[in-house]
Amino acid sequence: MHLHTPNSISSPPAQGFTFTAVLLPPECLKRGRTQFSFFCCATPTKDVWRRKAPATPGISGTAAGPIHQRRNFSGFIDRSMDMDELLLAMGQTSDDQELYSLLSPYKCRSLSVRFMVSLLSREKDWQRSLALLDWMNEEARYTPSVFAYNVVLRNVLRAKQWEIAHGLFEEMREKAISPDRYTYSTLITNFGKEGLFDDALSWLQKMEEDRVPGDLVLYSNLIELSRKLCDYTKAISIFSRLKRSGITPDLVAYNSMINVFGKSKLLREARSLIGEMKAAGVMPDTVSYSTLLAMYAENQKFPEAFSVFLEMRENHCSLDLTTCNIMIDVYGQLDMAKEADKLFWGMRKIGIEPNVVSYNTLLRVYGDAELFGEAIHLFRLMQRKDIEQNVVTYNTMIMIYGKTLEHEKANNLIKEMQLKSIEPNSITYSTMISIWGKVGKLDRAAMLFQKLRASGIEIDPILYQTMIAAYEKAGLIGHAKRLLHELKLPDNIPRGTAIQVLASAGRIEEATWVFRQAIDAREIKDISVFKRMIHLYSKYRKHTNVIEVFTRMREVGCFPDSNTIALVLNAYGKMQQLDKAENVYKELQDEGCVFSDEVHFQMLSLLGAGQDFEAMEKLLEKLQLDPNINMKELHLVVAGIFEKADRPDDAARILSKNDKGILR
């Protein structure tokens, strides 16, 4: 194919230069190109973007290839060049030949590498930047530069050209260019942001193999990405790598990890980070304490949350809106409604304006304390003062009316919220179904449920479980079974939802059938579905199925939490596959998983059951060096294992460590 290139672009741009270019018609362009057409070279990974450079007149060569000519001059013409004008001219080129023709006057490398890299960084079109890199390497014969490749990598990654990014990286290797920290950081961050987390971690592994030191920003980004993807075990693994590399986490990283440990149910590890922060000279702030408070509240550890709040006040850490909202809830859960009331009405005195969450939380506290008059007064006060009310506000009030069995008032609230364009959600409807079930209005509950199904809205597990419970409570077991059977072939809800409902109801066969169908169709990505199935099988001692689900879970890249790992180890133990249990334990530890004490104790018990006391003693020695392990419980567990194996002397030896002050 012959491309017409106007003579006007064969000379360097100058002041007042008018640039013209002949644009190629779309049918002349290669597939996948919007502006530039490239030919392929031999390397499979690169053939989507590399053209084979033709022999260029004016450059002599040998049988081994073209000779790299060197320019004999003392300076460059960078300062005499108008980069903006050159960029404008480049922007009007429509293919690689036009671009090369435009740049031909500079083939003798009269422009410095720094100038060319700046030019690359300002070129927004990823295809043109690739062509410019080709020109630098193949036409002008610049020494390959890591800076140039980094800029082009950034451009192609912004355009989500993942295969091309891999090709660029391979070419860097071929040209003996060592990727630097910026190279890896660009690759890891962009792949991670797009949810290609396994690829991001593989780049991290390559970085570590190349002994390129990561920095705090890179590791923090990966931790935050893992957290947003709810892959908390990976976040913990990356945090472990960060510390192993000798980098001290900053306040942001520590706060993220408090959240991650909390979501992983590793409450002691989350709490210990406060002490670790102080030891490292990083003082906990309001976010640190409020994150810890939220973690304890979510796990219903309300006395511990109260203790953290007291420590926060002792350290003169200022309160914020989030902290106040959490503590209103904590006070309510501790039957301290007066303290919750006092904190709420005192928020404005310390400069904090209550928001709708504050009002909703106090409403629920009043309801739990059966202070129904105060709850109704607060609800109407919000309306009189035009304070925003949302679906949570109405759900809370419907729940309060349900406690007093005032089902008509509860139903009227649904009509009221609809008039205000507040859309009821699954909690609204499930609460209403539950109320009607309690007052014997099962026909109305069933009618509402069928209406919701017919409307085509997504029915979540809460609604299904509430309706099933209502049927069972009314003695309509047949209706409950029919509803469960329908979930085997779900047509109006996701299979993941059906699995969770069936598993919650203990319907093993139906849950298994739907799970396998969903797995074969690659529909299951949510880690909660895997966990639910593992818990179901473990409860009914289906150990082979536990291992099956765990294997599937690992295949899709999900990391199990500590509770799930404990169930998996137990399954291997019951199947007398102790070597596989030990392999899983070590493998996950090597990947940076942080286990709860129960997982370690489970592994010790398995080793003891297998009469492998030597391995058990080695693991004990290792665990005794871990400051996060409860030493008293550890020694009691090991002593119990020895006693069960009829080895009283060894049990006494372990317990004797109490007197030596080893226990913590």
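This text gives an overview of the structure that appears in the document. (Residues numbered from 1 in each chain as written. Predicted model: local features only at pLDDT ≥ 70, side-chain atom pairs only at ≥ 80, totals over all residues. Heavy atoms only, no water.)

Moving on to the overall build of the protein chain. Counting its regular elements, the protein chain contains 34 helices and two strands. Per-residue burial over the protein chain gives 49% buried out of 664 residues. Restricting to contacts in the protein chain with at least 6 residues of sequence separation, those with at least 24 account for 62%. (Helix = DSSP H or I, 4+ residues; strand = E, 2+ residues; numbered from the N terminus. Buried < 20%, exposed > 50% of the residue type's maximum accessible area, 1.4 Å probe, protein only. Contact = heavy atoms within 4.5 Å.)

The subject of this paragraph is the environment of R380. Looking at the element boundaries, R380 is found in helix α18 (residues 372-384). Judged by relative accessible area, R380 falls into the partly exposed class, the value being 30%. In terms of polar contacts, R380 uses its side chain to reach the side chain of Q383, at 2.7 Å. (Polar contact = N/O pair within 3.5 Å; in protein donor to acceptor, adjacent residues only side chain to side chain.)

It is worth spelling out helix α19 (residues 391-403) at this point. Between its first and last C-alpha atoms α19 spans 18 Å; for 13 residues at 1.5 Å apiece the expected length is 18 Å, and the two agree. Burial of α19 is extensive: ten of the 13 residues sit out of reach of the surface. Residues V391, T393, Y394, N395, T396, M397, I398, I400, Y401 and G402 constitute the buried set of α19. Turning to α19, the residues buried within the fold contact α17 (356-368), α18, α20 (407-419) and α21 (426-438). Its side-chain oxygen placed 3.1 Å from the backbone nitrogen of V392, N390 serves as the N-cap of α19. (Expected span 1.5 Å × (residues − 1).)

In this structure, M603 sits in helix α31 (residues 597-609). Between the C-alpha atoms of M603 and A581, which are 22 residues apart in sequence, the distance is 7.8 Å. Excluding residues that lie within four positions of it along the chain, M603 makes contacts with L569, A581, E582, Y585 and L619.

So, on to helix α7 (residues 181-193). Spanning 13 residues, α7 covers 18 Å between terminal C-alpha atoms, matching the ideal 18 Å at 1.5 Å per step. The inward-facing, buried residues of α7 contact α5 (146-158), α6 (162-174), α8 (197-209) and α9 (216-228). Measuring from the side-chain oxygen of the N-cap residue of α7 to the backbone nitrogen of Y182 gives 3.1 Å; that N-cap residue is D180. Looking one or two places after α7, you find G195, whose phi comes out positive at around 85 degrees.

The tally for this structure, following the rule as stated, stands at 22 salt bridges. A salt bridge links E224 to R227, with the shortest nitrogen-to-oxygen separation between them at 2.5 Å. Of this pair, E224 and R227 both sit in helix α9, three residues apart, which is roughly one turn of that helix. Where D597 meets R268, a salt bridge forms, and the shortest distance between an N and an O atom there is 2.4 Å. Here the residue D597 occupies a position in helix α31, and R268 occupies one in helix α12 (residues 267-279), the gap between them amounting to 329 residues. Connected via shared salt-bridge partners are D329, R364, D368 and K403. (Salt bridge = Lys/Arg side-chain N within 4 Å of Asp/Glu carboxyl O.)

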